[in-house]
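Below are the chains, spelled out letter by letter.
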Amino acid sequence: MQVDLTRGSVTKGILIFAFPMICGNLLQQTYNVVDTLIVGRFLGAGALAAVGSSYTLMTFLTSILLGMCMGSGAIFSIRYGERRTDHLKGNIFTSFVMIAVFSLAINAAVYALTDTILELLAVPAEVYDLMKAYLLVIFAGIMGTFLYNFFASLLRAVGNSMTPLIFLGIAAVMNIVLDLLFVLAFGWGVEGAALATVISQWFSGVGCMIYTLKKCPQLMPERRHMRISCAGLGEVAGASFLTCMQQSVMNFGILMVQGLVNSFGAVVMAAFAAATKIDAFAYMPLQDFGNAFSTFMAQNYGAKERQRISRGMRAAVLCMLIFSAVISTVLFIFAGQFMEFFVGAGEAEIVDTGVSYLRVVSLFYFGIGGLFMLYGLYRAFNRAGMSLILTVISLGTRVALAYCLSAVPFIGVTGIWWAVPIGWILADLTGVIYYMRIKKSLLDFV
C-alpha cells in the first residue's frame, strides 16, 4: 500500500497518493456531520445549534493535535526520503511521547473548564444545557483522535494513504449506525449523538495503531531508539509546535467568529452550523490535496530531487485550480438543496441564511486551495513558521473584518461571510511573494 513519491510519474503519483487522503478526511467529517444531520432533523433547531457550535470548538481542539501530528509527519517524510532509518525511528518515539502527553493535558483541561469555555463562546441560554451535555461526552474522544492522527500521519509519511482511509470508512459506517440507534431507537438525544462519535473515533484510532504495530515493524522504534535527547526533542517539537500553532490559530480565529455568530441568535447559529459543515466538505479535497502535495515535496526534498520538486509544483497548481473550479460551481448552484438536506425546506429563514454564506465563500475556493498548497510547501521545506504567518494574516483579517463589517447596519451578518475570502486572498499574495523571494535559495539547497 506504500507509494514512493521520489520515483515515477509526478502528477499520477500525487493524485494516487492524494485520493485516499481526500476520501478519508471526507469520511472523518461525517463524524460530526451525521450528528448534525440527525440532530437537526429529529431533535430540532436548538439541538442543531448546540451540536454545530460544539463542532467548531472540537475542530479547534483537535486541530492542536492534528497540527502536531502533521508537523511530525513532515519530519518523518524527510527522514524517509533521506533513507535515514535510525533517525526516523528516534523521531517517531520522541514525537509519540510528546504528543501523547500534550493530548492528555488538553483532555484534562477541557473537562475542568467546560463552563468557562461556554461562557467565552457567548452561548445563548436556550442552547447552553444542550451544548454542555454534548461536550461532556464528546471530550472523551480526544485521545482516540490523537491515536488516529498520529498513526495516520506516520503511514502517510512513508507513502501509505490507503490504510487510514479503510479504518475511517469502517468508523464512518459505525458512526451512522450508532447515531440512528442511540438517538432514534434509544432516545438519548444529543448525548447519544456524541457517544456514537466517540466510539467511532476510538475504533479508528486503536485500529490504525494496531495495524501499524503489526504490519509495519520496520517503522517501530527499538529499545535503542527509546530515549529522548534535547536535539531530537528540539527537532520534532520545532516542526510539530509550529504546525500546531498554525492549525490552532486558524481554528481559534474560526472559534472567535463563532462567538460573533452566536450573538446574532439561534437562527443564524443553526444556519452557520449547517453551512460550515457543507463548506468543510466542499473544500476538504483541497486541504487534503495540499497535504498530499506536502508529503510529495518533503520526500523529494529529503531525496534532493530538484527536478521532481519543480515539476510537482506545476502539476499541483494546475490540479488545484481544476478542483477549485469544479467544487465552486457545484456548491454555488446547489447551495439551497444542500442546506435543505440538513434542516428541511420548512426552515426557510435558516436555509436562506446558510445559502447566503455558501454562495459568497464558494466563489473563492481557489483562494483556500492556494493557501493549503502554500501551507504544505513551507511545511515540506521545514519552514512551518511561514505557514503560521500566513494563517495569522488570513485569520486575523477574517476576524477583524467580521467584527467591523457585521457592526455596519446595512451589512450585518453578511459581513462575516465576506471576511472569509478576503483573508484567504491576502494570505495567498503574501505566501507567493515570499516564495518568489526565497525560491533560489530553497532549490539551491536541494
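Residues numbered from 1 in each chain as written. Predicted model: local features only at pLDDT ≥ 70, side-chain atom pairs only at ≥ 80, totals over all residues. Heavy atoms only, no water.

Visitor: Hey, could you run me through the overall build of the protein chain in this one?
Guide: The number of helices and strands found in the protein chain is 15 helices and 0 strands. The C-alpha radius of gyration computed for the protein chain amounts to 21 Å, which stays within 12% of the reference 22 Å derived for 446 residues, consistent with globular compactness. Principal-axis analysis of the C-alpha atoms gives the protein chain an extent of 60 × 45 × 35 Å. Looking at the 446 residues of the protein chain, the share that counts as buried comes to 60%. Considering only contacts in the protein chain between residues 6 or more positions apart, those separated by 24 or more positions represent 83%. Taken as a whole, the protein chain presents about 17,100 Å² of accessible surface, with 70% of it coming from carbon and sulfur. (Helix = DSSP H or I, 4+ residues; strand = E, 2+ residues; numbered from the N terminus. Rg over C-alpha atoms; globule rule 2.2 N^0.38 Å. Buried < 20%, exposed > 50% of the residue type's maximum accessible area, 1.4 Å probe, protein only. Contact = heavy atoms within 4.5 Å. Areas by Shrake-Rupley, 256 points an atom, 1.4 Å probe, with all protein chains shown as cover.)

Visitor: What is the right way to read the layout of surface pockets from this model?
Guide: Vacant regions in the atomic arrangement are exposed by a probe of water-molecule size rolled over the atoms. Space inside the largest pocket adds up to approximately 440 Å³. Residue lining of the largest pocket: 21 residues in total, with M313, V317, L374, V432 and Y435 positioned closest to the centre. Every element with two or more residues in the lining of the largest pocket is listed here: α11 (306–343), α13 (365–380) and α15 (414–445). The element best represented in the lining of the largest pocket is α15, accounting for 8 residues. Split into classes, the residues belonging to the lining of the largest pocket amount to 16 nonpolar, 2 polar and 3 charged. (1 Å grid on protein atoms, 1.4 Å probe; cavity = no way out; pocket = protein on both sides within 12 Å on 5 of 7 lines; lining within 4 Å. Points joined across faces, edges and corners; volume = space filled by probe spheres on them. Nonpolar A, V, L, I, M, F, W, Y, C, P; charged D, E, K, R; others polar.)

Visitor: How should the environment of S356 be read in this particular structure?
Guide: Note on placement: S356 falls in helix α12 (residues 348–361). Overall, the relative accessible area of 28% leaves S356 in the partly exposed class. C-alpha of S356 to C-alpha of F252: the two residues are 104 residues apart in sequence and 23 Å apart in space. Side-chain polar atoms of S356 contact the backbone oxygen of T353, separated by 2.6 Å. (Polar contact = N/O pair within 3.5 Å; in protein donor to acceptor, adjacent residues only side chain to side chain.)

Visitor: Would you take a moment to explain the nonpolar core for this structure?
Guide: One broad rule of soluble globular proteins: the nonpolar side chains tend to lie buried together. M297, M339 and Y365 are the most contacted members of the largest nonpolar core, which totals 73 residues. Per element, the largest residue contribution to this core is 17 residues, and it comes from helix α10 (residues 266–302). In this structure M297 touches I309, M313, L377, A380 and F381, once residues within four positions along its chain are discounted. Core analysis: the second largest hydrophobic core is formed by 62 residues, I38, Y134, C244 and M269 among them. (Core = buried A, V, L, I, M, F, W, Y, C linked by side-chain atoms within 4.5 Å.)

Visitor: How should I be thinking about the environment of V127 in this particular structure?
Guide: By the secondary structure assignment, V127 is in helix α5 (residues 125–138). Remark: the alpha-carbon pair of V127 and A266, spanning 139 residues in sequence, is separated by 8.2 Å. Leaving out residues up to four positions away in the same chain, V127 has contacts with G46, A49, A50 and M269.

Visitor: Looking at this model, I keep getting lost on the pattern of salt bridges. Mind explaining?
Guide: Should the charged atoms of two oppositely charged side chains come close, the side chains can pair. Counting across every chain of the model gives 6 salt bridges. The shortest N-O distance in the salt bridge between R224 and D86 comes to 3.2 Å. Of this pair, R224 sits in the loop between α8 (189–215) and α9 (230–262) while D86 sits in helix α3 (residues 85–112), placing them 138 residues apart in sequence. For R224, a relative accessible area of 46% translates into the label partly exposed. Among the salt bridges present, the one from D115 reaches K132, with a minimum N-O distance of 3.1 Å. Of this pair, D115 sits in helix α4 (residues 114–120) while K132 sits in helix α5, placing them 17 residues apart in sequence. Looking at D115, the relative accessible area reads 32%, which means it is partly exposed. Each of D86, K89, E222 and R224 takes part in salt bridges that share partners, so that together they form one network. (Salt bridge = Lys/Arg side-chain N within 4 Å of Asp/Glu carboxyl O.)

Visitor: Can you walk me through the packing of helix α7 (residues 162–185) against α8 in this structure?
Guide: One way to put it is that α7 packs onto α8 with a least axis distance of 8 Å and a crossing angle of 155°. With respect to α8, the element α7 is oriented roughly antiparallel. Along this stretch, α7 crosses α8, giving a crossing that reads as right-handed. Its residues assigned to classes, the contact of α7 with α8 comprises 16 nonpolar, 8 polar and 1 charged. (Axes fitted to C-alpha atoms, helices over the stretch in contact; angles between N-to-C directions. Parallel < 35°, antiparallel > 145°, perpendicular 65-115°, else oblique. Left-handed = near helix turned anticlockwise from the far one by under 90°.)

Visitor: I tried to follow a nonpolar patch on the surface on my own but got confused; where do I start?
Guide: Nonpolar side chains collect at one region of the surface, where L318, I322, V326, V330, F332, I333, F334, F338 and L363 lie side by side and expose about 790 Å² of accessible area between them. Residue position: V330 is located in helix α11. (Patch = residues over 30% accessible without salt bridge, like charges linked within 9 Å, V, L, I, M, F, W, Y side chains within 5 Å.)

Visitor: Any chance you could explain helix α6 (residues 142–157) here in plain terms?
Guide: Residues that lie three or four places apart on an α-helix share one face, since the helix turns once every 3.6 residues. With 16 residues, α6 extends 22 Å between its outermost C-alpha atoms, agreeing within 8% with the 22 Å of an ideal straight helix rising 1.5 Å per residue. Burial runs high along α6: 16 of the 16 residues are buried. Immediately beyond the C-terminal end of α6, within one or two residues, lies G159, with a positive phi of roughly 95°. (Expected span 1.5 Å × (residues − 1).)

Visitor: Please explain the packing of α6 against α8 as it appears in this structure.
Guide: Axes are the key here: two packed helices are described by the angle between their axes and the distance separating the axes. Between α6 and α8, the shortest axis-to-axis distance is 7 Å and the interhelical angle comes to 40°. In terms of orientation, α6 lies oblique with respect to α8. Remark: the crossing between α6 and α8 carries left-handed chirality. Between α6, through M143, G144, T145, L147, Y148, F151, A152, L154 and L155, and α8, the contact on the second element is made entirely by Q201, W202, S204, G205, V206, C208, M209, Y211 and T212. Looking at the contact of α6 with α8 residue by residue, the classes come out as 12 nonpolar, 6 polar and no charged.

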